[in-house]
Structures are given as C-alpha cells and as structure tokens.
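# Fold and contact review
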Amino acid sequence: MTDKTTAPRLPLDGLRVIDLTRVLSGPYCSMMLGDMGAEVLKIETPQGDPVRAQGTIRDGLSWYFASFNRNKKSVVLDLYTEAGRAALARLLADADVLLENYRPGVLEKMGFGKERLQQINPRLVTASINGFGSTGPYVERPAFDFIAQAMSGLMATNGPAGGEPMRMAQPITDLLAGVYCAFGVVTALRGRDLNGNGQHVEAAMVNGAMSTMAYLAAEYFATGAESERTGNDHPLVAPYGLFQAADGKIAIAPSNDTILRRLLDALDLGHLMSDERFDTNAKRFACRDVLHRLLDERLVTDTQDAWITRLNAAGVPCGRVQSLSEAFEDPQIVAQEMAIEVDHPGHGPVRMLGFPVKLDKTPCTPRLPAPELGAHTHEVLQGAGFTAEEIADLTGATEERRSKRG
C-alpha cells in the first residue's frame, strides 16, 4: 500500500473550484477537475441538483447523479437571497475557479458580473458552459443536447444512407462541452501561473459538436458539397464498415491501401487489389456495394472469433459489435478499469464509469462518493471563517425556503 505521507500530490491538489452547475455538462467538467485532485464545492439550491431525482434510484440514491458527482462536496446556499449571495462572494474570494452553466447573462443578473468578480478575486478563473456561446443571435436561446446535435450538423451527418437524420444515443454535446471546459480551465490556470491573473473560459455545446466534424468539415470547405449520410460506411474510404461473419457482424477499418492489402491477403482475396474495378480508392468507392458483397461472401465462411483473431494478427483493425454488457465484461475494458465500484455510505456500493485518463505517477481515485445534499455546508462555511451564528442563519433560512417550496 502506498504511504500517504510520501505519495505525490494529485496534479490539481490545492485548487478550489466553486461549482454552480447542475444536470450534466457542468458536473461532468467539475468531476474531471475533482478526479485530478481539485477540491470541488458543489453549490446547490435547497432542492438540490435536479439529477438527484433522475434515472434509476437504488437505496435512495440516483446512480445517474452518483456517476457524475464523485470527488465533490455539497454546500447548500440559496442564491435567491442576499445572504446566500454574500456567502458565495466570501467563498469566491479564496477560490481558484468559478464554474457555471447558466444561460449567458444570468450570473450577472445575480450580481456576479465580470467587474464584480474581478473585484472579489482578480486571480479567479471563471468558466461558463452554455448552448451557443455568449455572442451571436442565439445567445438567449435555451439548449439541450438534442438541440445542439440537431443544429451542429451532427444529426444531419449521422444515420443510414437515404434515411432520417439520427442523434447519437449518448448526450455527446454535453460531454464534449464538459471536456473542453475542463481543458480550458487548466489552460487558464497555467496562464495565471505565467501572467498573474485569471481569465474567462467558455465552452458551448454547439461549438464542441462542430469541432468534431473533422474530415466532413474539411470536405465541405473544399468542395461546398453537403456530406451524405453513409450509415456504417466511411464517407471517404472503401471498403470500411460492418461485414457479415457466420455468426454476426464484424467491424473492419482498412483506412488505407496498406491495411487493405493486409485485409485482402488475410481473406485470400489479394487478387482484388489489382482488379481494375478496385485498384484505386475512387474506384472502390464507386463500386463499394460490389466489393462489400465479395468480402461478405468470404467472411461468412467462418466465425467472428476466428476472423478477428486472424485479422488482428495480420494488423487489420477489427472487432465485434458489443452490447454494453459485453463491453463491460471485455477483458481489455476490465484491465483498463473502465468500470469501478465506489462505496456510498448509507446507499451501498455504486458501479460507475472509471477514469479515461491514466496518469502513472498520480492516478485518479474516487476519494469522495457523490455527496448527500448539503453534507459539507457546515464544514466548508466554518473553514471559510463563518461564525456559528452566521452558519445557523444561512442554514436556517435555507431550510425555511426549502420547506416553503417543497
């Protein structure tokens, strides 16, 4: 076991994040910062983050909420009251980061505009996650992942050929905005080290989605042509996609001529590389259906496992299409600890996604389970210098408002 007295500090240890976010994009961002060692104070309303009541509730706990709020402390402040806002200002004076995902302008209406925050703490890094950004004609619009997927071109470029636009099942634009914001925050903190003061960071859901358009955007910029939906086929390369083995589909991705030659040789179809119908990618693309059928006819003669073993040995990227249960039971996923179990006192162990970034000297750990609502209010306020009377006034007023609203 590692000696805690000599273990290296986590990369963001000593940094305090005031987290005003709720639901998904912001909590995902703050969780990543917490996973890297930051102290994250999740400031909640008296009713708490709405996600506390969403998804499957087991033993009184939303596993959805637990999965995005580990390594945080919960502090209840009623920011509708002057006392709550004053308490927030005092916490911000000693903080490093303020994170929010309100609609643009809401924080300023609460009395925490740019100038006020600069006065409170000039070294504070402020970070906002929103739907469309803080400039442009759509600033005031509400946004959710489905809308961001629709408006970013993501849905228009996903789905079967000739079929309807298709959303990704995961709330990908929320998650992308959270990742980009976390990256922006640590970048701004490094900038503060170099230049002395904090700055504002902004990540928008639509921008994040559009940034992933990759070669689809490059082709549009180069040609002006709309990208057609191609389902599981690649929009630029053929063959590429799902192919039929004797007992199911195999995903195969020969992204260039070298890998394609390996594939065809492994299938005993090497002669197709010199077939005048398929000797260039442009020709293969034009005859994709014919080539796809020839590969299926060969692959259907053996099982998925047999072909996956053979093709991987030949250096051809491939794999089976796995369900979630199959993915989590895959020995590679198990080895990478992409499913972990975190004990939540009073609720039992909760299984959740692991840490996608691996650090060999300072690995991420679940130091704190997702907190109960307001579990750390007294601790944090006392540590910030609030008197017992001030804490009693704040928590008493909060409880009163909660009972009135409840």
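Residues numbered from 1 in each chain as written. Predicted model: local features only at pLDDT ≥ 70, side-chain atom pairs only at ≥ 80, totals over all residues. Heavy atoms only, no water.

## A short note on the pattern of salt bridges
The line we're drawing: Any Lys or Arg side-chain nitrogen found within 4 Å of a carboxyl oxygen on Asp or Glu counts as a salt bridge. For each residue, the accessible area found with a 1.4 Å probe, counting protein chains only, is set against the maximum for its type, and the residue is called buried under 20%, exposed over 50%, and partly exposed in between. Numbering of helices and strands starts at the N terminus; helices are DSSP runs of H or I of at least 4 residues and strands are runs of E of at least 2.
Overall, the coordinates contain 18 salt bridges when judged by the stated rule. A salt bridge links R9 to D13; the shortest N-O distance between them is 2.9 Å. Looking at R9, the relative accessible area reads 59%, which means it is exposed. For D13, a relative accessible area of 36% corresponds to the partly exposed category. Across the pair D19 and K72 runs a salt bridge, and its minimum N-O distance is 4.0 Å. In this pair, D19 is assigned in strand 1 (residues 16–19) and K72 in the loop between helix 2 (63–68) and strand 5 (73–76), connecting sequence segments 53 residues apart. Owing to a relative accessible area of 0%, K72 belongs among the buried residues under this scheme. Linked through salt bridges whose partners overlap, the residues forming this network are R16, E39, K73 and E379.

## A few points about the environment of Q322
Applied cut-off: When checking whether two residues touch, look at their non-hydrogen atoms; a contact exists if any pair is within 4.5 Å. Residues adjacent in sequence count toward polar contacts only when both atoms are side-chain atoms; beyond that, a polar contact is any pair of N or O atoms within 3.5 Å, and within protein one must be able to donate a hydrogen and the other to accept it.
Following the sequence through the fold, Q322 ends up in the loop between strand 11 (318–320) and helix 14 (324–329). Accessibility expressed as a relative area gives 33% for Q322, which makes it partly exposed. Once the C-alpha coordinates of Q322 and F68 are considered, the two residues, 254 residues apart in sequence, prove to be 24 Å apart. Excluding its chain neighbours within four sequence positions, the residues that come into contact with Q322 are A327 and D330. At 3.4 Å, the side chain of Q322 and the side chain of D330 are in polar contact.

## Some remarks on the packing of helix 1 (residues 25–35) against helix 7 (residues 172–195)
We count it as follows: For helices, the fitted axis covers only the stretch in contact; all axes are lines through C-alpha atoms, and the angles between them, taken along N-to-C directions, range from 0 to 180 degrees. Oblique is the label for any angle not under 35 degrees, not over 145, and not in the 65 to 115 range, which are roughly parallel, roughly antiparallel and roughly perpendicular in turn. Take the far helix as your reference; a near helix turned counterclockwise from it by less than a right angle gives a left-handed crossing, and one turned clockwise gives a right-handed crossing. Gly is placed with the polar residues, together with every amino acid not listed as nonpolar (Ala, Val, Leu, Ile, Met, Phe, Trp, Tyr, Cys and Pro) or charged (Asp, Glu, Lys and Arg).
Where helix 1 meets helix 7, the axes come as close as 8 Å, and the angle between the chain directions of the two elements is 45°. The pairing of helix 1 with helix 7 is recorded here as oblique in orientation. The two elements helix 1 and helix 7 cross, and the hand of that crossing is right-handed. Note on element contacts: helix 7 touches helix 1 through D174, L175, G178, V179, C181, A182, V185 and V186, opposite S25, Y28, C29, M32 and L33. For the contact of helix 1 with helix 7, the residue count by class is 10 nonpolar, 2 polar and 1 charged.

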